[in-house]
Amino acid sequence: MPGELPRQQFVLDTSLFITEEIRLADESLDDALGRLLDLIATARLELNISCHMPPSIHDELATMLRDRGVDEDVFERLDTWVVRKSPDRYGVTIPANIVYDFISEMSDRVDRGLRVSEQALREVEQLDPEALASPGDENGADAYMTEADRILSSMRDKYRRALRKGVLDSREDFDLLVLARELEAGVVTEDRGIISWADEFGLRYVRGGQFPTLLEEYLRATGVDGYE
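Positions within a chain are numbered from 1, following the residues in the order the chain's sequence is written. Local features in a predicted model are, by the rule used here, given only for residues with pLDDT of at least 70; side-chain atom pairs are given and counted only at 80 or more, and totals for whole chains, interfaces and linings are based on all residues. Excluded from the side-chain calculation are hydrogens and water; included are all heavy atoms of the structure.

A. Local environment of helix α4 (residues 72-81). Only protein chains enter the accessibility calculation, which uses a 1.4 Å probe; a residue whose area is less than 20% of its type maximum is buried, one above 50% is exposed, and one in between is partly exposed. The secondary structure listing takes helices from DSSP runs of H or I that are at least 4 residues long and strands from runs of E that are at least 2 residues long, numbered from the N terminus. Among all positions of α4, only Val74, Phe75 and Leu78 are buried. The buried residues of α4 occupy an angular sector of 100° when projected down its axis, which confines them to one face. Exposed residues lying more than 90 degrees from the buried face of α4 are Glu76 and Thr80. For the purposes of these results, a polar contact is taken to be a pair of N or O atoms within 3.5 Å, where, inside protein, one atom must be able to donate a hydrogen and its partner to accept one; residues adjacent in sequence count only when each atom of the pair is a side-chain atom. A distance of 2.9 Å separates the backbone nitrogen of Asp73 from a side-chain oxygen at the start of α4, and that oxygen is part of Asp71. An arc is given here, and it is the one of the directions from the helix axis to the C-beta atoms.

Structure representation (structure tokens):
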């Protein structure tokens, strides 16, 4: 019986709620979120599956959804069915090897960032002095950018990718992993950096776009009405 099933827990990332992967064809964001939250609610009531979220992630998600004009009903259902819980940052232990690997990776990324900056500086040095202050010939916003502006803009993008892509780059991401470790829960995310570090933490993870299907399969396998 569903009531006898062992309790499963998941910790949800912001990316689950905003990825296009959870939407059906021509489905609005409000409708997709409503369907997702219905699945989460049914899984909680029928299968004892609970979903959690650190307060830092909740606040980040609320800001993103409000910027997208999501209906207040979505926020009410989110607060009802997704449990907000702060991670036990003092009680959860993290193996020293994980910290060692993180420091090593960040050191390597700083070196890559420096190389990106050095390459941009060399490109600026090779410009004609007049090009440093003269806007280009393109129309639109780029028409007011000098060649130096374009090099700096490109450098920012490359620098951001070198330092941030595929790595834990925020306290919110860290809260997510610590809470999942505390609860022995699966991580639900589309963020490659979080997925990579979930592996390091020894955590289960599910891609955000696959999570609705996962819940539907659980409900179907246990014979819940409406999911046969």
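B. Quick peek at the pattern of salt bridges. Salt bridge criterion: a side-chain nitrogen from Lys or Arg within 4 Å of a carboxyl oxygen from Asp or Glu. Enumeration according to the criterion identifies 10 salt bridges in this entry. Linking Lys85 and Glu182 is a salt bridge whose minimum nitrogen-to-oxygen distance equals 2.6 Å. Linking Lys85 in the loop between β3 (82-84) and α5 (96-125) with Glu182 in helix α7 (residues 171-183), this pair joins segments that are 97 residues apart in sequence. The closest approach of N and O atoms between Arg207 and Glu190, which form a salt bridge, is 3.1 Å. A residue pair is termed long-range when its members are at least 10 positions apart, and Arg207 in strand β5 (residues 205-207) and Glu190 in the loop between β4 (186-189) and α8 (192-200) qualify at 17 residues. Judged by relative accessible area, Arg207 falls into the partly exposed class, the value being 33%. Each of Asp38, Asp73 and Arg77 takes part in one network of salt bridges that share partners.

C. Summary view of the sheet that holds β3. DSSP bridges decide pairing: two strands pair if at least two such bridges lie between them. Across the sheet, which stays open at both edges, the 5 strands sit in the order β3-β2-β1-β4-β5 with parallel pairing between neighbours. Edge positions in the sheet fall to β3 and β5, since each of these pairs with one other strand and no more. Mean inter-strand twist for the sheet, computed between neighbouring axes without regard to direction, equals 30°. Pairing between strand β1 (residues 8-12) and strand β2 (residues 49-53): 4 bridges, direction parallel. The partner of Val11 across the bridge, within β2, is His52. What makes two residues a contact is simply this: any of their non-hydrogen atoms within 4.5 Å. In this analysis, axes come from line fits to C-alpha atoms, helices being fitted only over the stretch in contact, and the angle between any two N-to-C directions falls in the range 0 to 180 degrees. Strands β1, β2 and β3 of the sheet are contacted by helix α2 (residues 29-47), whose axis makes an angle of about 130° with β2. Each of β4 and β5 is contacted by α8, which is oriented at about 160° to β5, the strand it contacts most.

D. Local environment of the side chain of Glu190. Within the structure, Glu190 has its side chain in polar contact with the side chain of Arg207 (distance 3.1 Å). Among the polar contacts listed, one links the side chain of Glu190 to the backbone nitrogen of Gly209, at a separation of 2.7 Å. Once residues lying within four places of it in the same chain are set aside, the contact partners of Glu190 are Ser15, Thr19, Glu21, Arg207, Gly208 and Gly209.

E. How the structure looks around the packing of aromatic side chains. Only centres within 6.5 Å qualify two rings of Phe, Tyr or Trp (six-membered ring in Trp) as a pair; their planes then separate them into stacked at under 30 degrees, edge-to-face at over 60, and tilted for everything else. The tally for this structure, following the rule as stated, stands at 1 aromatic pair. On the numbers, 5.2 Å between centres and 70° between planes, the contact of Phe10 with Phe211 is edge-to-face. Placement of Phe10 in strand β1 and of Phe211 in helix α9 (residues 211-221) is noted, with a sequence separation of 201 residues between them. The exposure classification of Phe10 matches that of Phe211, with both residues buried. Any Lys NZ or Arg CZ found within 6 Å of a ring centre and within 35 degrees of that ring's normal is scored as a charge over the ring. Stacked on the ring of Phe75, the Lys or Arg Arg66 has its end atom at 4.2 Å from the ring centre.

F. View of unusual backbone geometry. Residue Asp26 is not a glycine yet carries a positive backbone phi of 60°. Within the secondary structure, Asp26 sits in the loop between α1 (14-18) and α2. Residue classification places Asp26 among the exposed positions, given a relative accessible area of 85%. A positive phi angle, close to 55°, is found at Glu184, a residue other than glycine. As for its placement among the helices and strands, Glu184 is situated in the loop between α7 and β4.

G. Structural context of the side chain of Thr189. Structurally, Thr189 can be placed in strand β4. A polar side-chain atom of Thr189 sits 2.9 Å from the main-chain amide nitrogen of Asp191. Those residues in contact with Thr189 that lie beyond four places of it in its chain are Asp13, Ser15, Ile194, Ile195, Val206, Arg207 and Gly208.

Coordinates in, geometry out; function isn't part of it.
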